[in-house]
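What follows is each chain in one-letter form.
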Amino acid sequence: MKVFVNNYGLKIVFVLAISLRVVLGLINSEANDDHLPVVHLIMEENRLPLRDECWECFQPKLYHAAIAGIFELFSIESLGVQIRVAQMVNVIAGSLLLVPVYYFLADFIKSRASQLLIFSLIAFNPRLIAVSIQATNDMLAIFFSTLVIYFTYRYLQTDETKIFAYVILFSTLATLTKGSGLIVFIAVFLILGLNLINQKLQLKYLGYVTMAVLGLGMSLYGGQYIQNYCTYGTPLVTNSPKKPFPNFSQPTFEGRPGVVSIKSAYFTFRVLALISEPQMSYENNEAPWHQTSLWTQLYGRLNSIQFDPWPRSWVSDNGIRTILAQMTFFFALVPTSLMVFGIFVQLKELGVRVRRSFASLFVERIWMIQIFGLGYIAFILLYTLQYRDVATMKVIFILPGLICFLYLLISGYQQVEAMLNGSRVMTFIQTSILLVVCLYIGEVVLFAVDLPIYSVSPYVNSWTVSPLSPLEQTPMFCGS
């Protein structure tokens, strides 16, 4: 912890980033999706509801059960107070998230100026702040998954049993919080398998496998995955039906424009359209051109709160915020390009090791954490392909892999710095990143000013859950 004592710049960033989250958590009164009915059902009926009982009842319910317990413990009945308390849980998680992120970053970048620059990019990211101030399970899922990846990174360095126990603990908590948490368990089993290939079977590794299997079993039971399987025939359920498979290039429309074709969704990046029209739309007849491009949607949602016009109290006609969003989309191309460049840097390093010898892959095993990142990218591709609505193109679905993407950014930044250190180009890169940070802060501050103070906007309870087809026979292992 000495780094916090002597680095005043770091302390300022931490205090300001946390302060923004706390203030917004106290002001805000809406979320992207309505999770409080799940909490209320748990409180009223003392059980975990199933998918069909409310819009968000398909979710695993660790977050909802914890919030219900807090409400009952402190006898909180006011809806306004309930919303703020539920949001403050995520404010705490979003603030704590910054700690493992910084320690991971500090392991690779030793320059304090560069540390502060890249860390500020994460600490003030508007989407991370936005998800930290809502009463949903998303921030908790991001927090637990980040801890899984961070402790996996530590485990790959030390091979310590205690650290691996942390990996399984937070994997279990992530999977009990959100269905996408299963990705971390799949990644953990793959990493265990890869390490067993290169080593003799030891009692210690059998212990690791046992811990992983027990953690997964607890998650499948406590997260209602087994109950979902026996009730609906699948362990993973959502509140919407799957859509017909899209064509490769011929557009077809299913619901609100999102994935209208494979070519448009996965092989385009429409940044000029994004800068020209820096906001998406949930109206079928008003969708901008960039809305049917997955990578453009992820980029826009990551870098601006203004981009996504939901929830309604977050929407503003403040022209300054629009200009800030346009400037952010332009200058954020610099860190994004560094991250993409980092992919090639890491692939080159991996290729060199493979050519040297297979065993060299296991000398430094940090590359294995990218299994998590690949898992979350595969998830967003599959999810958007199956459901196609623009609401599936949310960057928060891949933010649990934050450390993996940060590692790509670090790799790209270090390689460029080694090639261009002291040059005007490197000065431009660092200045652009600093400008993005300032634009982030500016948008978040203006967002806080525009938010209605202490209002309690009613959540949208009129949404209906699409029914699933009844099972013709009882699934295997579920009894009669």
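In what follows, the accompanying structure is described. (Residues numbered from 1 in each chain as written. Predicted model: local features only at pLDDT ≥ 70, side-chain atom pairs only at ≥ 80, totals over all residues. Heavy atoms only, no water.)

1. Looking at the nonpolar core
The nonpolar side chains of a soluble globular protein tend to be buried, and buried together.
Phase 1: Counting residues in hydrophobic clusters, the biggest one holds 133 residues, and the most contacted among them are F104, F119, I369, F372 and L406.
Phase 2: Examining the composition of this core, we find that 13 residues originate from one element, helix α9 (residues 138-158), more than from any other.
Phase 3: When near neighbours in sequence (up to four residues on either side) are disregarded, F104 contacts Y150, Y153, I366, I369, I403, L406, Y407 and I410. (Core = buried A, V, L, I, M, F, W, Y, C linked by side-chain atoms within 4.5 Å. Buried < 20%, exposed > 50% of the residue type's maximum accessible area, 1.4 Å probe, protein only. Helix = DSSP H or I, 4+ residues; strand = E, 2+ residues; numbered from the N terminus. Contact = heavy atoms within 4.5 Å.)

2. Considerations on the pattern of salt bridges
Phase 1: All chains considered together, the criterion is met by 10 salt bridges.
Phase 2: Where D33 meets K394, a salt bridge forms, and the shortest distance between an N and an O atom there is 3.3 Å. In this pair, D33 sits in the loop between α2 (8-27) and α3 (36-45) while K394 sits in the loop between α19 (370-387) and α20 (402-420), placing the two residues 361 residues apart along the sequence.
Phase 3: The class of D33 is buried, set by a relative accessible area of 18%.
Phase 4: Residue classification places K394 among the buried positions, given a relative accessible area of 11%.
Phase 5: Taking the shortest distance from any N to any O, the salt bridge between R301 and D308 comes out at 3.0 Å.
Phase 6: With a relative accessible area of 5%, D308 lands in the buried category.
Phase 7: Residues joined in a network through salt bridges with shared partners are E45, R47 and E53. (Salt bridge = Lys/Arg side-chain N within 4 Å of Asp/Glu carboxyl O.)

3. Thoughts on unusual backbone geometry
Phase 1: Between W310 and P311 the backbone carries a cis peptide bond, its omega angle lying at 0°.
Phase 2: Mapped onto the fold, P311 is located in the loop between α16 (294-303) and α17 (319-331).
Phase 3: One non-glycine residue, Q224, lies in the positive phi region at around 65°.
Phase 4: Its location among the elements puts Q224 in the loop between α12 (203-222) and α13 (225-232).
Phase 5: Judged by its relative accessible area of 4%, Q224 falls in the buried class.

4. Quick notes on the packing of helix α6 (residues 98-106) against α9
Phase 1: Closest axis-to-axis distance for the α6/α9 pair is 10 Å, and the angle between their directions is 30°. You can see that α6 and α9 cross each other, and the crossing is left-handed. Listed contacts from α9 to P100, V101, Y103 and F104 of α6 are T146, L147, Y150, Y153 and R154.
Phase 2: Taken together, the residues of the contact of α6 with α9 break down into 7 nonpolar, 1 polar and 1 charged. (Axes fitted to C-alpha atoms, helices over the stretch in contact; angles between N-to-C directions. Left-handed = near helix turned anticlockwise from the far one by under 90°. Nonpolar A, V, L, I, M, F, W, Y, C, P; charged D, E, K, R; others polar.)

5. Side note on a nonpolar patch on the surface
Phase 1: Together, V340, I343, F344 and L347 line one region of the surface with nonpolar side chains, adding up to about 370 Å² of accessible area.
Phase 2: Along the chain, V340 turns up in helix α18 (residues 333-356). (Patch = residues over 30% accessible without salt bridge, like charges linked within 9 Å, V, L, I, M, F, W, Y side chains within 5 Å. Areas by Shrake-Rupley, 256 points an atom, 1.4 Å probe, with all protein chains shown as cover.)

6. Some points on the environment of S114
Phase 1: Along the chain, S114 turns up in helix α7 (residues 112-123).
Phase 2: Exposure remark for S114: the relative accessible area of 3% places this residue in the buried category.
Phase 3: Considered as a pair, S114 and K242 are 128 residues apart in the sequence and their alpha carbons are 45 Å apart.
Phase 4: For S114, the residues in contact, after removing those within four places along its chain, are I109, Y413, E417 and Q430.

7. As for the state of the cysteines
Phase 1: Applying the stated rule across the entire model yields 1 disulfide.
Phase 2: Each sulfur of the disulfide joining C54 and C57 lies 2.1 Å from the other. Disulfide C54 to C57: torsion about the S-S bond roughly 100°, handedness right-handed. For the pair shown, C54 and C57 are each scored as buried. (Disulfide = S-S within 2.5 Å.)

8. Brief notes about the side chain of R365
Phase 1: With respect to the helices and strands, the residue R365 is situated in the loop between α18 and α19.
Phase 2: Look at R365: it is buried, it has no salt bridge, and the nearest opposite charge is D159 at 4.6 Å.
Phase 3: At 2.3 Å, the side chain of R365 forms a polar contact with the side chain of N195. (Lys, Arg positive; Asp, Glu negative; His and termini not counted. Polar contact = N/O pair within 3.5 Å; in protein donor to acceptor, adjacent residues only side chain to side chain.)

9. Focus on the environment of S132
Phase 1: Relative to the assigned elements, S132 resides in helix α8 (residues 126-132).
Phase 2: Spatially, the C-alpha atoms of S132 and V85 are 12 Å apart, while their sequence positions differ by 47 residues.
Phase 3: Filtering out sequence-adjacent residues up to four positions away, S132 remains in contact with R21, Q87, N90, V91, G94 and M139.

10. Some words on the packing of aromatic side chains
Phase 1: Taken as a whole and judged by the stated rule, the model has 30 aromatic pairs.
Phase 2: Here F269 and Y299 contribute two aromatic rings whose centre-to-centre distance is 5.3 Å and whose plane-to-plane angle is 90°, an arrangement assigned as edge-to-face. Taken together, the residues F269 in the loop between α14 (262-266) and α15 (271-276) and Y299 in helix α16 connect sequence positions 30 residues apart.
Phase 3: Note on F269: relative accessible area 40%, which makes it partly exposed.
Phase 4: What links up through ring pairs into an aromatic cluster is the set F104, F108, F143, F144, Y150, F151, Y153, Y166, F170 and Y407.
Phase 5: The ring of W289 is capped by R270, whose NZ or CZ atom sits 4.3 Å from the centre of that ring.
Phase 6: Directly above the aromatic system of Y155 lies the positively charged group of R365, at a separation of 5.9 Å from the ring centroid. (Phe/Tyr/Trp six-rings, centres within 6.5 Å; stacked < 30°, edge-to-face > 60°. Lys NZ or Arg CZ within 6 Å of the ring centre and 35° of its normal.)

11. Concerning the packing of α19 against α20
Phase 1: One can describe the packing of α19 onto α20 by two numbers: an axis separation of 8 Å at closest approach and a directional angle of 115°. By the angle between their axes, α19 is roughly perpendicular relative to α20. Crossing of α19 against α20: the hand is left-handed. Every residue of α20 that contacts α19 at Q370, F372, G373 and I377 is listed here: C404, F405, Y407 and L408.
Phase 2: Per-class residue counts for the contact of α19 with α20 are 6 nonpolar, 2 polar and no charged. (Parallel < 35°, antiparallel > 145°, perpendicular 65-115°, else oblique.)

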